[in-house]
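# Architecture and fold: a report
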Amino acid sequence: QVPALGSAMIYCNLEELQRVGGQADPPVPAGPPLQVLGAWERHLDPNTGRCFFYNPQTGAASWKPPRRHREAVIMGGSGGVGGEYWGPA
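Residue positions are given per chain, counted from 1 along the sequence in the order it is written. For this predicted model, a pLDDT threshold of at least 70 governs which residues receive local features, and a threshold of 80 or more governs which side-chain atom pairs are given and counted, while totals over whole chains, interfaces and linings are taken from all residues. Calculated side-chain values reflect all of the structure's heavy atoms, with hydrogen atoms and water omitted.

### Overview of the packing of aromatic side chains
Centres within 6.5 Å are what make two rings of Phe, Tyr or Trp a pair, Trp counting through its six-membered ring; a difference in plane orientation under 30 degrees is then read as stacked, over 60 as edge-to-face, and the rest as tilted. Applying the stated criterion across every chain yields a total of one aromatic pair. The side chain of R50 reaches across the aromatic face of W63, ending 4.0 Å from its centre. Only when the NZ atom of a Lys or the CZ atom of an Arg is both within 6 Å of the ring centre and within 35 degrees of the ring normal do we say a charge sits over the ring.

### Observations concerning the sheet that holds strand 3 (residues 51–55)
Read from one edge of the open sheet, four strands run 1-2-3-4, paired in antiparallel fashion. The open sheet terminates on both sides in strands that have one partner only, identified here as strand 1 (35–37) and strand 4 (60–62). Strand-to-strand, the axes of this sheet are offset by a mean angle of 25°, without reference to chain direction. Two strands form a pair only when DSSP identifies at least two bridges running between them. Segments assigned H or I by DSSP are reported as helices when at least four residues long, segments assigned E as strands when at least two residues long, and all are numbered from the N terminus. As defined by bridge partners, strand 2 (residues 40–44) adjoins strand 3 across four bridges and the pair is classed as antiparallel. Across the sheet, L44 pairs through a bridge with C51, a residue of strand 3. Orientation is described by lines fitted to C-alpha atoms, with helices fitted over the stretch in contact, and by angles between N-to-C directions that extend from 0 to 180 degrees.

### A look at the pairing of strand 3
Each residue is placed in one exposure class: buried if its accessible area under a 1.4 Å probe, protein chains only, is under 20% of its type's maximum, exposed if it is over 50%, and partly exposed if it falls in between. Most of strand 3 sits inside the fold, with five of its five residues counted as buried. By the alternation rule, side chains of strand 3 split into C51, F53 and N55 and F52 and Y54, which are all buried. Taken together, strand 2 and the strand that follows it, strand 3, pair antiparallel across an intervening segment of six residues, in which G49 is found at a positive phi of about 80°. The pairing of strand 3 with strand 4 spans three bridges and is antiparallel.

### Notes on the environment of W63
Turning to its location among the elements, W63 is positioned in the loop between strand 4 and helix 2 (67–76). Counting along the chain gives 39 residues from W63 to A24, while the straight-line C-alpha distance between them is 9.3 Å. Among the polar contacts listed, one links the side chain of W63 to the backbone oxygen of A24, at a separation of 2.6 Å. Pairing of N or O atoms within 3.5 Å defines a polar contact, subject to two protein rules: one partner must be a possible hydrogen donor and the other a possible acceptor, and residues neighboring in sequence count only if both atoms are side-chain atoms.

### Quick look at the side chain of E41
Along the chain, the position of E41 falls in strand 2. R42 is the oppositely charged side chain nearest to the buried, salt-bridge-free E41, at an N-O distance of 11 Å. Reaching out from E41, the side chain makes a polar contact with the side chain of H43 at a distance of 2.8 Å. Positive charges come from Lys and Arg, negative ones from Asp and Glu, while His and the chain ends are left out of the count. The term salt bridge refers to a side-chain nitrogen of Lys or Arg lying within 4 Å of a carboxyl oxygen of Asp or Glu.

### Here we look at the confidence of the model for the chain
Per-residue pLDDT for the chain averages 73, and the proportion of residues at 70 or more is 49%. Per residue, pLDDT measures the predictor's confidence, with a range of 0 to 100. Contacts: residue pairs with any heavy atoms within 4.5 Å of one another. In the predicted structure, residues 77–84 sits below a pLDDT of 50 and forms nine contacts with residues beyond four places in sequence or in another chain.

### Quick notes on the pairing of strand 2
The buried fraction of strand 2 is high, at four of five residues. Here three bridges tie strand 1 to strand 2, and the two strands are oriented antiparallel to one another. Note that in strand 2 the partner of L37 across the bridge is W40. In this antiparallel pair of consecutive strands, strand 1 and strand 2, the connection spans two residues, and G38 shows a positive phi of 65°.

Put into structure tokens, the structure is as follows:
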């Protein structure tokens, strides 16, 4: 069925959304982590160039650092953008 004229249509290109830093879920890691942070690993998404965090025990992935480590970054004044710089691995 064709929608009526004037009805709202939504178009979303997932690759474009990821490229512009949208809220798409982070990918599953394809290689070794950049850094291990307790139960979490820091990885680089080659499609967006952004770091993401992955917990291999639970399968959880997030663009934001885990809470305990995020607070340490904020308190430590790492100078990173958006709390994503964690220093050398």
